[in-house]
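Coordinate analysis (summary)
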Amino acid sequence: MRVVIQDDYQKMCKWAADYIANKIRNHKEDRPFVLGLPTGSSPIGVYQELVRQNQAGELSFANVVTFNMDEYVGLDHDHDQSYWYFMHDNFFDHLVDMKPENINILNGMAEDPEAECAAYEEKIASYGGIDLFMGGIGVDGHIAFNEPYTSLNSRTGLRALTTDTRIVNSRFFGNDPEKVPAFALSVGVGTVTDSKEVMILINGHNKARALAHTVEGGVSHKWTCSALQMHNGAIIACDEAACGELTVDTYKYFLDIEKDQRL
């Protein structure tokens, strides 16, 4: 596992965006580069930098296929809190050469959620898997909507959201947790860790405990983020504020080991 510590959120996002852009540019296989993407506040700075590079002609998305992590059940594309809306508003609509047919987002209005999720897994497999999955984690360490105690081998499926998650997300729903959908469709922990590389963004003091469990804790379904310890291509991109609960030796180790690393 790599832990890349940056001074602040903006530098973390710039590093992450540059890493992704470098992977896309250097992709030589005779198939698209397959990129997994999250929603939430953490990746917004990354999306802004990728858009800047794309609009400046420094990076093309013409040969990129994307798969998003999750979607609320019961929200259609036009709902301003759907993740389909979020991704287009914050990212896809600003890319000059992203092909709409290469964008994959779970359908929260699907009549048969199980069939929708099975088809999503099949479509990922049809591209040869995901090359790089970027994600964030919740304060309780959950990846996508894989709440604590979700199997670390889980696949894409229907997830019930905890009260804590609905309270955290209620800021987008008029601060009313009851307005937050109780269910979501989400890729599984196993879906994420099947990717060739996984990059997790962790920023802010409120994520410090989650970062510590991701890096230093034991592997446990209580902290689904801890599954990354078993992945050969796991990268944690974080800011200083998120490092508050790492032990001093761990913090110093990753600063030392990364100081001469390039992307």
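Up top you'll find the structure we're talking about.
Residues numbered from 1 in each chain as written. Predicted model: local features only at pLDDT ≥ 70, side-chain atom pairs only at ≥ 80, totals over all residues. Heavy atoms only, no water.

1. Some details on the nonpolar core
Among the nonpolar cores identified, the biggest contains 35 residues, and Ile-202, Leu-211, Ile-236 and Cys-238 are the most heavily contacted of them. Where this core is concerned, the elements lending two or more residues are strand E1 (2-6), strand E3 (64-68), helix H4 (113-126), strand E9 (197-202), helix H7 (208-215) and strand E10 (234-239). Among the elements that take part in this core, H7 stands out by supplying four residues, more than any other. Here Ile-236 is in contact with Met-1, Arg-2, Val-3, Val-4, Ile-200, Ile-202, Leu-211, Thr-214 and Leu-228, once residues within four sequence places are set aside. Counting 34 residues, the second-largest nonpolar core is a separate cluster that includes Tyr-47, Leu-59, Phe-86 and Ile-235. (Core = buried A, V, L, I, M, F, W, Y, C linked by side-chain atoms within 4.5 Å. Buried < 20%, exposed > 50% of the residue type's maximum accessible area, 1.4 Å probe, protein only. Helix = DSSP H or I, 4+ residues; strand = E, 2+ residues; numbered from the N terminus. Contact = heavy atoms within 4.5 Å.)

2. Notes on the pattern of salt bridges
Enumeration over the complete set of coordinates arrives at 13 salt bridges. Between Arg-31 and Glu-29 there is a salt bridge, with the nearest N and O atoms lying 3.0 Å from each other. The salt bridge involving Asp-131 is made with Lys-196; its shortest N-O contact spans 3.5 Å. In this pair, Asp-131 sits in the loop between H4 and strand E6 (132-136) while Lys-196 sits in the loop between helix H6 (189-193) and E9, placing the two residues 65 residues apart along the sequence. In this structure Lys-196 comes out as partly exposed when scored by relative accessible area, which is 43%. A cluster of three or more residues bridged by salt bridges with shared partners is formed by Lys-14, Asp-18, Glu-49, Arg-52 and Glu-58. (Salt bridge = Lys/Arg side-chain N within 4 Å of Asp/Glu carboxyl O.)

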